[in-house]
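Below, each chain spelled out in residue letters.
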Amino acid sequence: MTAFALDDPLGRGPGLPRPGSLLRTAADSIPPSGLVLLAIFSVQLGAGFAKELFASLSPSAVVFLRIAAGALIMGTLVRPKLKGLSWGDWAVGVGFGLTLAVMNLSFYEALARLPMGIAVAIEFLGPLGVAVAASRRRIDLLWVGLAGAGVVLLAPWGDSASVSWAGIGFAMVAGACWAGYILLSAAAGRRFPGTSGLSIAMLVSAVAIAPIGVTTGGAELLQPELLLIGLGVGLLSSVIPYSLELQALRRMPKHVFGILMSLEPGVAALIGVLLLGEFLQVQQWAAIICIVAASLGSTRTGRK
């Protein structure tokens, strides 16, 4: 497929490169493992920048900026067709969008209360649960136990200034929604062509989160610098990583993709240290390692 538009309705010769084609062309020159790592760093950088916005905006307002920016960009690039959809299609699309809204809202509320590495590690229990449920092997009990040990190490049993039960609760809700996101994403992929299912879900999500986001954000949402950062967060957290992951999945086995994605909690902790100065305790690093190891183990033993 060429990276340039061949038809120009204004008769000016060859058209300008299309954004989607340019992205695919650039992605083809990078190994698939590199695309996955870039996607992971993009997501966590987006989360880091989003957390810095909490000084000016509430987590729900930041979520609204992120999802609205992502929906605007995806809607412009994909332009999903809404005519001719069945009730089943709408049910999947709306359910997908609502799950996406709750997942992001819960995760950002967790970010407001927890260091990034801890929030992402707990949220990662969601996809880990999906992987274990799909595998049904005895060794999965080991990964469940290892992940459970990680949660026990993270829980604030004693005095801890950096971890709260509320933050852990929000992260667990986000993890449960992430598990639902995985299942609904697969259902959307069977019903909608290309990325149109995700585009519809993001539009639904933006509409669903708008009332609370606008109410809590107020006039601050109209500040140009905050809007610009929100656009960047939407690109880094949604549009760029999803596009990179989609390209990577077309060129690599799914189990390898899953193994690489298991590194995400560790990358989140690293970004938290470098960008936000969130230095973790040895016990917290041990907990993150337990959860990463459980995810790696379940991915390797769960593959056919």
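Before reading on, note that the structure itself is shown above.
Quantities reported herein were computed from a predicted structural model and do not represent experimental measurements.

A. Representation of the overall build of the chain in the model. If you tally the helices and strands in the chain, you get 13 helices and zero strands. The order of α-helices and β-strands along the chain, N terminus first, is α-α-α-α-α-α-α-α-α-α-α-α-α. When the 304 residues of the chain are sorted by exposure, 49% land in the buried category. In the chain, of all internal contacts separated by at least 6 residues, the share reaching a separation of at least 24 is 84%. With an accessible surface of roughly 14,900 Å², the chain has 69% of that area assigned to carbon and sulfur atoms.

B. Fine view of the side chain of Asn104. Summarising the element assignment, Asn104 is placed in helix α4 (residues 87–111). Relative accessible area serves as the criterion here: at 6%, Asn104 is assigned to the buried category. Polar contacts involving the side chain of Asn104 include one to the side chain of Arg66, which spans 2.8 Å. Within the structure, the side chain of Asn104 is placed 2.7 Å from the backbone oxygen of Leu100, a separation counted as a polar contact. Beyond its immediate stretch of four places on either side in the chain, Asn104 contacts Val63, Arg66 and Ile67.

C. Examining helix α8 (residues 165–191) more closely. Compared with the 39 Å implied by 1.5 Å per residue over 27 residues, the 39 Å span of α8 between its first and last C-alpha is a close match. Those residues of α8 that sit buried are Gly167, Ile168, Ala171, Ala174, Gly175, Cys177, Trp178, Ala179, Tyr181, Ala187 and Ala188.

D. The environment of Ala208, seen in detail. With respect to the helices and strands, Ala208 occurs in helix α9 (residues 196–217). Separated by 106 residues in the primary sequence, Ala208 and Val102 place their C-alpha atoms 9.2 Å from one another. Not counting chain neighbours up to four residues away, the residues in contact with Ala208 comprise Leu98 and Ala101.

E. View of helix α5 (residues 116–123). Among the eight residues that make up α5, eight are buried, leaving the element largely enclosed by the rest of the structure. Along α5, the residues classified as buried are Met116, Gly117, Ile118, Ala119, Val120, Ala121, Ile122 and Glu123.

F. The environment of Arg66, seen in detail. With respect to the helices and strands, Arg66 occurs in helix α3 (residues 59–78). Considering only alpha carbons, one finds Arg66 and Asn104, 38 residues apart in sequence, at a separation of 9.2 Å. Leave out the neighbours within four places in its chain, and Arg66 touches Asn104, Tyr108, Gly230, Val233, Gly234, Ser237 and Ser238. Within polar-contact distance, the side chain of Arg66 engages the backbone oxygen of Ser237 at 3.2 Å.

G. Summary view of the packing of α4 against α5. α5 packs onto α4 with a crossing angle of 145° between their chain directions and a minimal axis gap of 9 Å. Viewed along their axes, α4 and α5 form a crossing whose handedness is right-handed. Note on element contacts: α5 touches α4 through Met116, Ala119, Val120 and Glu123, opposite Met103, Phe107, Ala110 and Leu111. Here the contact of α4 with α5 is composed, by residue class, of seven nonpolar, no polar and one charged.

H. Expanded view of a nonpolar patch on the surface. A grouping of Leu37, Phe41, Leu263, Leu270 and Leu274 is seen on the molecular surface, where their side chains present a nonpolar patch of about 430 Å² in accessible area. When residues of the nonpolar patch are traced back to their parent elements, those giving at least two are α2 (32–52) and α12 (264–276). If you trace the backbone, Leu37 turns up in helix α2. Judged by its relative accessible area of 33%, Leu37 is partly exposed.

I. Fine view of the nonpolar core. If you look at the biggest cluster of nonpolar residues, it comprises 75 residues, and the most contacted ones within it are Val36, Phe107, Tyr108, Leu111 and Leu114. Each residue touching Leu111, except ones within four places of it in the same chain, is listed here: Ala47, Lys51, Phe54, Met116 and Ala119. Leu128, Trp143, Ala147 and Ala294 belong to the second largest nonpolar core, which has five residues in total.

J. Summary view of the packing of aromatic side chains. Taken as a whole, this structure holds four aromatic pairs when the rule is applied. Centroid distance Phe124 to Trp178: 5.2 Å. Interplanar angle 85°. Geometry classified as edge-to-face. Taken together, the residues Phe124 in the loop between α5 and α6 (125–135) and Trp178 in helix α8 connect sequence positions 54 residues apart. Comparing Phe124 with Trp178, the two get one shared label, buried. Each member of the aromatic cluster is reached from another via a ring pair, and the members are Phe54, Phe107 and Tyr108.

K. Region of the structure containing the pattern of salt bridges. Going through the model one piece at a time under the given rule, you end up with three salt bridges. Residue Lys51 is joined to Glu278 by a salt bridge in which the shortest nitrogen-to-oxygen separation is 2.5 Å. Here Glu278 lies in the loop between α12 and α13 (282–302) and Lys51 lies in helix α2, a separation of 227 residues in the sequence. A residue is classified by how much of its surface remains accessible, and Lys51, at 16% relative accessible area, is buried. A salt bridge links Asp89 to Arg191; its shortest N-O distance comes to 2.8 Å. A residue pair is termed long-range when its members are at least 10 positions apart, and Asp89 in helix α4 and Arg191 in helix α8 qualify at 102 residues.

What counts, and where the lines are drawn
Residues numbered from 1 in each chain as written. Predicted model: local features only at pLDDT ≥ 70, side-chain atom pairs only at ≥ 80, totals over all residues. Heavy atoms only, no water. Helix = DSSP H or I, 4+ residues; strand = E, 2+ residues; numbered from the N terminus. Buried < 20%, exposed > 50% of the residue type's maximum accessible area, 1.4 Å probe, protein only. Contact = heavy atoms within 4.5 Å. Areas by Shrake-Rupley, 256 points an atom, 1.4 Å probe, with all protein chains shown as cover. Polar contact = N/O pair within 3.5 Å; in protein donor to acceptor, adjacent residues only side chain to side chain. Expected span 1.5 Å × (residues − 1). Axes fitted to C-alpha atoms, helices over the stretch in contact; angles between N-to-C directions. Left-handed = near helix turned anticlockwise from the far one by under 90°. Nonpolar A, V, L, I, M, F, W, Y, C, P; charged D, E, K, R; others polar. Patch = residues over 30% accessible without salt bridge, like charges linked within 9 Å, V, L, I, M, F, W, Y side chains within 5 Å. Salt bridge = Lys/Arg side-chain N within 4 Å of Asp/Glu carboxyl O. Core = buried A, V, L, I, M, F, W, Y, C linked by side-chain atoms within 4.5 Å. Phe/Tyr/Trp six-rings, centres within 6.5 Å; stacked < 30°, edge-to-face > 60°.

Take it as geometry only, folks, not as evidence of what the structure does.
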